[in-house]
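Commentary on secondary and tertiary structure
Here is what each chain is made of, one letter per residue.
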Amino acid sequence: MRELHHNAHSVFLMYYHLVLVVKYRRKVIDDEISTRLREIFEYIAPNYGLSVEEWNHDKDHIHVLFTGQPKSALSKFINAYKSASSRLIKKEFPVIREKLWKEYFWNQSFCLLTTGGAPIEVIREYIKEQENKN
């Protein structure tokens, strides 16, 4: 069983899978850039109650598995991360400007999925069974 997280008022275990794609699907992410993107993510994430669990990349996108809290403002975090990382990556790796000539590094869209240990059907059955325990 995974360890539950807690704060003053709640107990939780919330995992998310985030996929961010480079604008125009340009193939600009290598190991060095991916490492820097992760550093920026890990710097900003604690301000939103988030923590990285897994990270990987392809040449045109990243995958991040992270944990959050019930109070985490995910869309605000994602927008803050995309802004900061775009600015810093283009500044620190000027070669990227040759492939991404406009101000954006990331595609405007993103994919964010919730993940968990139990399939939805197991949770549904558990909830249904609770009425029988009274």
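Provided above is the structure to which this section pertains.
For the structure given in this document, a descriptive report is provided here.

Conventions we followed
- Going along each chain's sequence as written, the residues are numbered from 1 onward.
- Note on the predicted model: pLDDT of at least 70 is required for a residue's local features to be given, and 80 or more for side-chain atom pairs to be given and counted; whole-chain, interface and lining totals, by contrast, use all residues.
- Side-chain calculation: all heavy atoms of the structure are included, whereas hydrogens and water are not.
- Helix and strand assignments come from DSSP, with helices taken as H or I runs of at least 4 residues and strands as E runs of at least 2, each series counted from the N terminus.
- When accessible area is computed with a 1.4 Å probe and restricted to protein chains, residues below 20% of their type maximum are described as buried, those above 50% as exposed, and intermediate ones as partly exposed.
- For two strands to be treated as a pair, DSSP must find no fewer than two bridges joining them.
- Each helix should span, by expectation, one fewer than its residue count multiplied by 1.5 Å.
- Pairing of N or O atoms within 3.5 Å defines a polar contact, subject to two protein rules: one partner must be a possible hydrogen donor and the other a possible acceptor, and residues neighboring in sequence count only if both atoms are side-chain atoms.
- As a rule, the C-alpha atoms of each element are fitted with a line to give its axis, helices using only the stretch in contact, and angles between N-to-C directions run from 0 to 180 degrees.
- Here, two residues are considered to be in contact whenever any of their heavy atoms come within 4.5 Å of each other.
- Buried residues of nine kinds, namely Ala, Val, Leu, Ile, Met, Phe, Trp, Tyr and Cys, make up a nonpolar core once their side-chain atoms join them within 4.5 Å.
- Any angle between 65 and 115 degrees counts as roughly perpendicular, while under 35 counts as roughly parallel, over 145 as roughly antiparallel, and the rest as oblique.
- Each crossing gets its handedness from the near helix: less than a right angle anticlockwise from the far helix is left-handed, clockwise is right-handed.
- Under this grouping Gly is polar, as are all residues other than the nonpolar Ala, Val, Leu, Ile, Met, Phe, Trp, Tyr, Cys and Pro and the charged Asp, Glu, Lys and Arg.

**So, unusual backbone geometry**
The phi angle at tyrosine 24 is positive, at roughly 60°, despite the residue not being glycine. Positionally, tyrosine 24 belongs in the loop between β3 (14–22) and α1 (31–44). Of note in the backbone geometry, arginine 25 takes a positive phi value of approximately 55° without being a glycine. Arginine 25 gets classed as partly exposed once you look at its relative accessible area, which sits at 44%.

**Remarks on the pairing of strand β4 (residues 51–57)**
In this structure, β4 lies alongside strand β5 (residues 61–68), joined through six bridges in antiparallel fashion. Bridge pairing links histidine 57 to isoleucine 62 in β5. The antiparallel hairpin formed by β4 and β5 contains three residues in its connecting segment.

**Some words on α1**
Here α1 is 14 residues long and its end C-alpha atoms lie 20 Å apart, about the 20 Å a rise of 1.5 Å per residue gives. The N-cap residue of α1 is aspartate 30: its side-chain oxygen and the backbone nitrogen of glutamate 32 are 3.2 Å apart.

**Examining the sheet that holds β4**
Ordered by their spatial adjacency, four strands build an open sheet running β4-β5-β3-β6, and the pairing between neighbours is antiparallel. Edge positions in the sheet fall to β4 and β6 (106–115), since each has one partner strand and no second. Each strand of the sheet is rotated relative to its neighbour by a mean of 20°, with strand direction disregarded. Note that β3 and β6 share seven bridges and pair antiparallel. Of the residues in β6, the one forming a bridge with tyrosine 15 is threonine 115. This element, α1, spans β3, β4, β5 and β6 of the sheet and lies at about 160° to β4. The strands touched by helix α2 (residues 74–92) within the sheet are β3, β4, β5 and β6, with β6 carrying the most contacts at an inclination of about 140°.

**Some points on the nonpolar core**
The biggest cluster of nonpolar side chains holds 29 residues, and the ones touching the most others in it are Ile29, Leu37, Phe41, Ile62, Tyr81, Phe105 and Trp106. If you list the elements that add at least two residues to this core, you get β3, α1, β4, β5 and α2. Here this core gets six residues from one element, more than from any other, and that element is α2. With residues near it in sequence (within four places) discarded, isoleucine 62 still touches Leu18, Val19, Leu20, Ile29, Leu37, Trp55, Asn56, His57, Tyr81 and Trp106.

**Let's talk about the environment of phenylalanine 12**
Tracing the backbone through its elements, the reader meets phenylalanine 12 in strand β2 (residues 11–12). In this structure phenylalanine 12 comes out as buried when scored by relative accessible area, which is 7%. C-alpha of phenylalanine 12 to C-alpha of glutamine 69: the two residues are 57 residues apart in sequence and 7.1 Å apart in space. Sequence-distant contacts of phenylalanine 12, that is, excluding residues within four places in its chain, are made with Leu4, His5, His6, Asn7, Gly68, Gln69 and Pro70.

**Quick notes on the packing of α1 against α2**
Contact geometry of α1 with α2 gives a least axis separation of 10 Å together with a crossing angle of 140°. Here α1 lies oblique to α2, going by the angle between them. For α1 against α2, the interelement crossing comes out right-handed. On α2, the residues that touch Ile33, Arg36, Leu37, Ile40, Phe41 and Ile44 of α1 are Phe77, Ala80, Tyr81, Ala84, Ser85, Leu88, Ile89 and Glu92. Across the contact of α1 with α2, the residue classes tally to eleven nonpolar, one polar and two charged.

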